[in-house]
Amino acid sequence: MKIQRIIFSFISIGILTACAVTSNRSVLVNNGTPVDIQNINSSDKGPIIFKKIVAADWLADRAGLINLSDPKAVVAGLQSGKEPIQIYFYVIDHPKFGRYIIDTGLGDIFRKDKKEWPVSSIVASQMNLGDLKIHTTIKEWLQKDPKKVEGIFLTHLHLDHILGTQDFPAGTSVYTGQNEPGDSRFLHLFVQGSTDALLGAGTALSELNFFGREGAPIRFLDFFGDQSLYVISVPGHTEGSIAFLIKSTSGVQLITGDTCHTSWGWLNNVTPGGFTKDLERNKTSLNLLQSVAAKFPKIQIHPGHQSISASAK
Ligand SMILES: [Zn+2]
């Protein structure tokens, strides 16, 4: 009896301590046409004007960014410590469907005193936000290159990918991968308030439907239906992480999100470390992205937090 009660308390604690990443409302949407990897258009170019913007320089723990226990990391002698990284956002200008942004860089509020940031002080210090060196905010960038933003894609809902969401007009569509808003982790108890504040209280999220239609999981959605922008389901780093294959006027681009944070991780096909929720699923997703990249000899790869230099390829 006593044991049963103890087990019951553990189950209750388990339920109470797992927490969704956001309490914002979300709806499942059926944008995009499901396609198989074999049917991805093989051309090297497309109609989208693509821009990659450096929002900030930053530092993060290497053990979070790279799985240092991976045999390749051990052989390379990688040690724990701080790794220089960057925060990016990406601009997609489609001649017919307009402007979309991937991830949201930094909001203008981060130019102000820390006390005004929409992030709790514990989270800000845990995330090392004091080390951010801002290059541009979303507001500043959009003032220089104004155009209506039709929608925002979030590769996932970790805070460093949503810091500029409030700089977009209220009501702008915000797309995530399926199950991302409900991604449940103990850690989210501490970040949910900050995530909600950064997304904005009234912002409803649109979860792209990667299941549903034929029962089996879909990996690729041809978002506009013209083979120019493929959204790729890459669960593992988080429950609903997404990546992007873009056919642009400057060639084929692959945005990995945090399925791979670093240049070294991509070039050696090694997953992130402690920042990832499920290493095994992250590895399967990283392998999928590597097989997509292998189809395009001149593809440009954009890991989540570093840029691959031409000499490193
Ligand atoms: Zn990140």
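Residues numbered from 1 in each chain as written. Predicted model: local features only at pLDDT ≥ 70, side-chain atom pairs only at ≥ 80, totals over all residues. Heavy atoms only, no water.

Cut-off, in case you're wondering: UniProt positions are given in the numbering used here, feature names are shortened, and annotations may be inferred rather than shown by experiment.
Under an unreviewed UniProt entry, the chain has the name MBL fold metallo-hydrolase and belongs to Leptospira andrefontaineae. You can read under Sequence similarities (unreviewed entry) in the UniProt record for the chain the words "Belongs to the metallo-beta-lactamase superfamily." You can read under Cofactor (unreviewed entry) in the UniProt record for the chain the words "Zn(2+)".

## A short note on the coordination of the zinc ion
To keep things clear, this is the line we draw: Coordinating donors are taken to be N, O and S atoms lying within 2.8 Å of the metal, or within 3.2 Å when the metal is Na, K or Ca; because water is excluded from the atom set, some sites may appear incomplete. Helix and strand definitions here come from DSSP, where helices need a minimum of 4 consecutive H or I residues and strands a minimum of 2 consecutive E residues; each element is numbered from the N-terminal end. Exposure classes here rest on a 1.4 Å probe applied to the protein chains alone. A residue is buried below 20% of its type maximum, exposed above 50%, and partly exposed in between.
Asp160 (OD), His161 (NE2), Asp258 (OD) and His305 (NE2) make up the full set of protein donors to the zinc ion, lying at 2.0 to 2.1 Å. Of note, the donors binding the zinc ion are all from one chain and are spaced D-H-x96-D-x46-H. Of the two residues, His161 sits in the loop between strand 8 (149–153) and strand 9 (173–176) while Asp258 sits in the loop between strand 15 (251–257) and helix 7 (263–268), which places them 97 residues apart along the sequence. Here His161 falls in the buried class, since its relative accessible area comes to 3%.

## What to know about the pattern of salt bridges
Formally: Any carboxyl oxygen of Asp or Glu that lies within 4 Å of a side-chain nitrogen of Lys or Arg is treated as forming a salt bridge with it.
Enumeration according to the criterion identifies 13 salt bridges in this entry. The residue Asp145 makes a salt bridge to Lys51 at a minimum N-O spacing of 3.1 Å. Placement of the pair is Asp145 in the loop between helix 5 (138–144) and strand 8 and Lys51 in strand 4 (residues 49–61), with a sequence separation of 94 residues. The class of Asp145 is partly exposed, set by a relative accessible area of 21%.

## Topic: helix 8 (residues 279–293)
Let me state the cut-off plainly: A helix is expected to span 1.5 Å for every residue after the first. Arc definition: it is the arc formed by the directions from the helix axis to the C-beta atoms. Any two residues whose heavy atoms approach within 4.5 Å at even a single point are treated as in contact. Between N or O atoms, a polar contact is any pair within 3.5 Å; within protein, one atom must be a potential hydrogen donor and the other a potential acceptor, and residues adjacent in sequence are included only when both atoms are from side chains.
In this model helix 8 runs 21 Å from its N-terminal to its C-terminal C-alpha over 15 residues, within 8% of the 21 Å that 1.5 Å per residue would give. When helix 8 is considered as a whole, its buried residues turn out to be Asn282, Ser285, Leu286, Leu288, Leu289, Val292 and Ala293. Buried residues in helix 8, looked at end-on, bunch into an arc of 155 degrees, giving them a common side. Among the structural elements, strand 12 (220–222), strand 13 (229–233), strand 14 (242–248), strand 15, helix 7 and strand 16 (300–303) are those in contact with the buried residues of helix 8. One side-chain oxygen of the residue at the start of helix 8 lies 3.2 Å from the amide nitrogen of Glu280, identifying that residue as Asp278.

## Brief notes about the nonpolar core
Applicable threshold: What makes a nonpolar core is a set of buried Ala, Val, Leu, Ile, Met, Phe, Trp, Tyr and Cys residues whose side-chain atoms join them at distances within 4.5 Å.
Core analysis: the largest hydrophobic core is formed by 40 residues, its most contacted members being Phe89 and Leu129. For this core, the secondary structure elements donating two or more residues are strand 4, strand 5 (82–94), helix 4 (121–126), helix 5, strand 8 and helix 6 (188–199). Among the elements that take part in this core, strand 4 stands out by supplying five residues, more than any other. For Leu129, the contacting residues outside a window of four places in its chain are Trp58, Trp117, Val119, Ala124 and Leu163. Counting 22 residues, the second largest nonpolar core, distinct from the first, contains Tyr175, Phe210, Phe224 and Phe244.

## Focus on the sheet that holds strand 7 (residues 133–134)
As a reminder, the rule being used: Strand pairing follows a simple DSSP-based rule, namely that at least 2 bridges must link the two strands.
Here eight strands make up an open sheet; going across it, the order is 2-11-9-8-6-5-4-7 and the pairing mixed. Lying at the two open borders of the sheet, with one neighbouring strand each, are strand 2 (26–29) and strand 7.

## Quick look at the packing of aromatic side chains
Selection criterion: Pairing of aromatic side chains here covers Phe, Tyr and the six-membered ring of Trp, requires ring centres within 6.5 Å, and sorts the geometry by plane angle: under 30 degrees stacked, over 60 edge-to-face, intermediate tilted. For a lysine, the NZ atom is tested; for an arginine, the CZ atom; a charge sits over a ring if that atom is within 6 Å of the ring centre and within 35 degrees of the ring normal.
Scanning all chains against the criterion turns up 14 aromatic pairs. Consider the rings of Phe50 and Tyr90, whose centres lie 6.1 Å apart with planes at 20 degrees: the pair is stacked. Residue Phe50 is found in strand 4, and its partner Tyr90 is found in strand 5; the two are separated by 40 residues along the sequence. The two residues Phe50 and Tyr90 agree in class, both being buried. Seen from their ring centres, Phe153 and Phe223 are 4.9 Å apart, and the 80 degrees between their planes marks the pair as edge-to-face. Of the two residues, Phe153 sits in strand 8 while Phe223 sits in the loop between strand 12 and strand 13, which places them 70 residues apart along the sequence. Taken together, the aromatic side chains of Phe97, Tyr100, Phe153, Tyr175, Phe223, Phe224 and Phe244 make up a single cluster linked through ring pairs. Geometry around Tyr88 places Lys52 over its ring, the cationic atom sitting 4.3 Å from the centre.

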